[in-house]
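# What the coordinates show
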Amino acid sequence: VQEFSDFLCPFCARHVAQTEPGLLEQHVKDGQVRFIFRDYPIVSLHPTAPRGHQAARCVAEQGAASFWAMHDQLFQEQAQWQSLPDPTEYLAGVAQAIGADMTAYAECMTSGRTVAAVDQDVAEAQTLGLTGTPSFRFNRTDNEAAYTLVGAQPLDAFTQWISAMAAGGEPPVEPTPAPPELPFWAKPEG
């Protein structure tokens with residue numbers, strides 16, 4: 001499952017706080033599912049989010065544990081950095097607080113080498129037709145089928161999808177609601 005997420009998206013933060021712990025415990029811990037975090041900062045809504053994604057990738061160069069610590073802090077502290085015109089100093093403070101090697105972090109941020117990786121994830125999300133965050137791309141390992149679940153869904157929705165796919169089926173499809181019926185006075189006979 002690929003999670004396309006924006007560090008400044010409040011719905012993404014809700015997913016990380018409320019749903020992700022259950023997903024990790026119930027589906028990842030036993031090896032049933034592999035979750036992959038993908039960068040999808042939506043600049044039109046969160047102009048400084050790309051810088052946070054670049055910083056998280058620089059920290060990731062120092063190890064997965066460092067990335068996940070940075071990931072968690074950026075989501076938990078959205079209110080502290082979302083309105084900063086330039087979050088560079090704040091992001092360096094988070095990197096330092098989680099124990100990152102600040103010389104390596106500064107060199108990475110200065111080089112700009114993570115910009116292309118973040119941009120590549122954004123381009124892929126757009127190619128897939130994803131327009132919001134969080135969005136989840138479920139990819140089967142036994143064939144090329146892929147399915148998209150959009151929004152900060154509850155754990156039950158993920159469990160239904162994962163169970164259906166693990167059993168060899170397709171994820172459940174939400175029924176399309178019937179269009180509302182016009183009141184009598186709005187119909188030609190009224």
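Preceding block: the structure.
A brief look at the structure comes next. (Residues numbered from 1 in each chain as written. Predicted model: local features only at pLDDT ≥ 70, side-chain atom pairs only at ≥ 80, totals over all residues. Heavy atoms only, no water.)

## Concerning the overall build of the chain
When its secondary structure is counted, the chain shows eight helices and four strands. Helices and strands appear in the chain in the N-to-C order β-α-β-α-α-α-α-α-α-β-β-α. Along the first, second and third principal axes, the C-alpha set of the chain runs to 75 × 40 × 30 Å. Out of the 190 residues belonging to the chain, those deemed buried represent 41%. Counted over contacts in the chain with a minimum sequence separation of 6, partners at least 24 positions apart contribute 66%. Split by element, the accessible area of the chain, about 10,600 Å² in all, is 55% carbon and sulfur. (Helix = DSSP H or I, 4+ residues; strand = E, 2+ residues; numbered from the N terminus. Buried < 20%, exposed > 50% of the residue type's maximum accessible area, 1.4 Å probe, protein only. Contact = heavy atoms within 4.5 Å. Areas by Shrake-Rupley, 256 points an atom, 1.4 Å probe, with all protein chains shown as cover.)

## Observations regarding helix α3 (residues 64-76)
With 13 residues, α3 extends 18 Å between its outermost C-alpha atoms, agreeing within 8% with the 18 Å of an ideal straight helix rising 1.5 Å per residue. Residues S66, F67, M70, H71, L74 and F75 constitute the buried set of α3. In an axial view of α3, the angular spread of the buried residues amounts to 160 degrees, which keeps them on one side of the axis. Every exposed residue of α3 that faces more than 90 degrees away from the buried side is listed here: A65 and Q76. Structurally, α3 contributes buried residues whose contacts are with β1 (2-5), α1 (10-28), β2 (36-39), α2 (49-60), α4 (78-81) and α5 (88-97). (Expected span 1.5 Å × (residues − 1). Arc of directions from axis to C-beta.)

## A short note on the state of the cysteines
For the structure on display, the rule yields one disulfide. Note on C9: no disulfide assigned, nearest cysteine sulfur contributed by C12 at a separation of 3.0 Å. Judged by relative accessible area, which is 0%, C12 ranks as buried. (Disulfide = S-S within 2.5 Å.)

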